[in-house]
Amino acid sequence: MNRRMMIKEINALKQARNAVILAHYYQYPEVQDIADFVGDSYALSRKAAETEADTIVFCGVHFMAETAKLLSPEKTVLLPEADAGCPMADRITADDLARYKAENPERTVVCYVNSTAGVKALSDVCVTSANAEKILAHYQDHRLLYVPDKNLGNYVKRKFNLDLEAWPGFCCIHNDLTVELVTTMRKRYPDAALIVHPEAPLDVLDEADYVGGTKGLIEYVKTSPHSQYLVGTEEGLLHEMHKTAPEKDVIVLTPDLRCYDMKKTTLESVHRALKTNTHAIEVDPEVAQGARRAIDKMMALSEQ
Ligand code: 13P
Ligand code: SF4
């Protein structure tokens, strides 16, 4: 089937099923372009909670579709590619966390949204890259464990001088960024502003003109006065930057900034998802109840 036909069929299936397509900014441009809503982890969660559709097709990775299911348990939530996971989320299991909690009962557990429902269920509050600073500001007098991303954890720890232990997990894409690479790229583009996602190592974040989640990076490019930007996050984000700030020159720090799991979803897989109802996300009801508590806490604090 050619691309035009495929898009036509996707739209017809969507209408017939009363479905909505949500996509993360790291998806392929053509997948972003057929979505009803494109956003960061936080905005996508909110959208999933608010939509009136019967079915949500989630173009992203497993933890995102699972979060959508937690927020809309009565809806069918489809992840077009069953094995689109997040290696960072898999760096801690619910068993690992249960063991840690038994040994460190005094620690309040903060989980990054890039985590499984099982880990969320054992956490006190969830955060995303967009609201981690705002939410952790409420926990300055707590002893904290932050899972699973050591980079974002150590970044907020230093910012607020927190008593925070960071789980040694990381995103294999962002964690590979180095100061050497930044130095080389800055020599090549001396006038560019450097903007980086907080999943990058701390020494790279120290070099940045701006640190923020995907939405924050887009806003910065749109509103700051620079005309050129070196972007330290997954290359898919450049599609939205080109749309919202076409006059700006955005350059990804390295072509290696490509999330293999995010790039599993294609127009073909979205088409198949709608046609064959695959792959429906299910969460154990007891786990879902616990995980929902941590997400609701995040929602409440981030709207304060
Ligand atoms: P955002 O929460 O900033 O959208 O990022 C999600 C993610 O997976 C980053 O690697
Ligand atoms: Fe996970 Fe990294 Fe991919 Fe984000 S970019 S989904 S943290 S592996």
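See the structure printed just above.
Quick look at the structure, then. Here the structure is a predicted model, which means the values were calculated and not measured. Per-chain numbering applies: the sequence of each chain, read as written, is numbered from 1 onward. Going through the entries in the order they are written, you letter the chains from A and number the ligands from 1. Owing to the predicted nature of the model, reporting of local features is limited to residues with pLDDT of at least 70; listing and counting of side-chain atom pairs is limited to 80 or more, with chain, interface and lining totals taken over all residues. Only hydrogens and water are removed before side-chain values are computed, so all heavy atoms of the structure are retained for them.

### As for the sheet that holds strand 4 (residues 76–78)
And step 1. By definition, two strands form a pair when at least two bridges between them are found by DSSP. Secondary structure follows DSSP: runs of H or I at least 4 residues long count as helices, runs of E at least 2 residues long count as strands, and numbering of each begins at the N terminus. Taken in spatial order, the four strands line up as 2-1-3-4 in an open sheet, and their pairing is parallel. Only two strands of the sheet have a single neighbouring strand rather than two, namely strand 2 (37–39) and strand 4. Direction aside, the axes of adjacent strands within the sheet are offset by 20° on average.
And step 2. Pairing of strand 1 (residues 19–24) with strand 3 (residues 55–59), which is carried by five bridges, proceeds in the parallel orientation. Across the sheet, Ala19 pairs through a bridge with Thr55, a residue of strand 3.
And step 3. Residue contacts are defined here by distance: any two heavy atoms, one from each residue, within 4.5 Å place the two residues in contact. Axis geometry follows a simple rule: fit a line to the C-alpha atoms, using only the stretch in contact for helices, then measure angles between N-to-C directions, giving values from 0 to 180 degrees. Each of strand 1, strand 2 and strand 3 is contacted by helix 3 (residues 41–50), which is oriented at about 170° to strand 1, the strand it contacts most.

### Observations regarding the site of ligand 1
And step 1. In this text, near means that some heavy atom of the residue lies within 4 Å of the molecule or strand in question. Around ligand 1, the structure places His24, Tyr26, Asp40, Ser41, Asn114, Ser129, His174, His197, Glu199, Gly213 and Thr214.
And step 2. Pairing of N or O atoms within 3.5 Å defines a polar contact, subject to two protein rules: one partner must be a possible hydrogen donor and the other a possible acceptor, and residues neighboring in sequence count only if both atoms are side-chain atoms. A distance of 2.6 Å separates an oxygen atom of ligand 1 from a polar side-chain atom of Ser129.
And step 3. The protein chains hide 96% of the 300 Å² of surface that ligand 1 would expose on its own.
And step 4. Classification used: nonpolar for Ala, Val, Leu, Ile, Met, Phe, Trp, Tyr, Cys and Pro, charged for Asp, Glu, Lys and Arg, polar for all others including Gly. A class-by-class count of the residues in the shell around ligand 1 yields one nonpolar, eight polar and two charged. The Shrake-Rupley method, run with a 1.4 Å probe, gives the accessible areas here. Residue values count only the displayed protein chains as cover.

### Remarks on the site of ligand 2
And step 1. Close to ligand 2 lie Tyr26, Val61, Cys86, Pro87, Asn114, Cys171, Ile173, His174, Glu199, Cys259 and Met262.
And step 2. Here the residues of the shell around ligand 2 sort into eight nonpolar, two polar and one charged.

### Let's talk about the sheet that holds strand 10 (residues 210–211)
And step 1. Within the open sheet, the four strands sit side by side as 10-9-11-12. Their pairing is parallel. Only two strands of the sheet have a single neighbouring strand rather than two, namely strand 10 and strand 12 (249–252).
And step 2. Pairing geometry for strand 9 (residues 193–196) and strand 10, over two bridges, is parallel. Paired with Ile195 across the bridge in strand 10 is Tyr210.
And step 3. Helix 11 (residues 214–223) rests against strand 9, strand 10, strand 11 (228–232) and strand 12 of the sheet, and its axis sits at about 160° to strand 9.

### Some details on helix 12 (residues 237–244)
Along an α-helix, residues three or four apart share an orientation, since each turn contains 3.6 residues.
And step 1. Exposure is judged per residue with a 1.4 Å probe applied to protein chains only, and the accessible area is read against the type maximum: over 50% gives exposed, under 20% gives buried, and values in between give partly exposed. Taken together, the buried positions of helix 12 are Leu237, Leu238, His239, Glu240 and Met241.
And step 2. The inward-facing, buried residues of helix 12 abut helix 2 (29–34), strand 9, helix 11, strand 11 and strand 12.

### Some remarks on the side chain of His24
And step 1. With respect to the helices and strands, the residue His24 is situated in strand 1.
And step 2. The residues contacting His24, other than those within four sequence positions of it, are Gln32, Val38, Gly39, Asp40, Ser41, Leu44, Cys59, Met64, Thr214 and Met262.

### Description of the nonpolar core
And step 1. Here, nonpolar core means buried Ala, Val, Leu, Ile, Met, Phe, Trp, Tyr and Cys residues that are tied together by side-chain atoms lying within 4.5 Å of each other. Of all hydrophobic cores here, the largest spans 110 residues; its most connected members are Ile21 and Met241.
And step 2. Residue contributions to this core peak at seven residues, all from helix 14 (residues 285–302).
And step 3. Excluding anything up to four places from it in sequence, Ile21 contacts Ile10, Lys14, Ile34, Ala35, Asp36, Phe37, Val57, Cys59, Val270 and Leu274.

### Description of the packing of helix 3 against helix 4 (residues 62–71)
And step 1. The interhelical angle for the contact between helix 3 and helix 4, taken along N-to-C directions, is 35°, at an axis separation of 8 Å. In this structure, helix 3 crosses over helix 4, and the sense of that crossing is right-handed. Touching Ser41, Ser45, Ala48 and Ala49 of helix 3 are Met64, Thr67, Ala68 and Leu71, all from helix 4.
And step 2. Residue composition of the contact of helix 3 with helix 4, by class: five nonpolar, three polar and no charged. Crossings are sorted by hand: turned counterclockwise from the far helix by less than a right angle, the near helix makes the crossing left-handed, and turned clockwise it makes it right-handed.

### Structural notes on the pairing of strand 5 (residues 108–112)
And step 1. For strand 5, the tally of buried residues reaches five of five residues, placing the bulk of the element in the interior.
And step 2. Taking every second residue as pointing to the same face, both faces of strand 5 are buried, with Thr108, Val110 and Tyr112 on one and Val109 and Cys111 on the other.
And step 3. Bridge count between strand 5 and strand 7 (residues 143–147): four bridges; the pairing is parallel. Paired with Val110 across the strands is Tyr146, a residue of strand 7.

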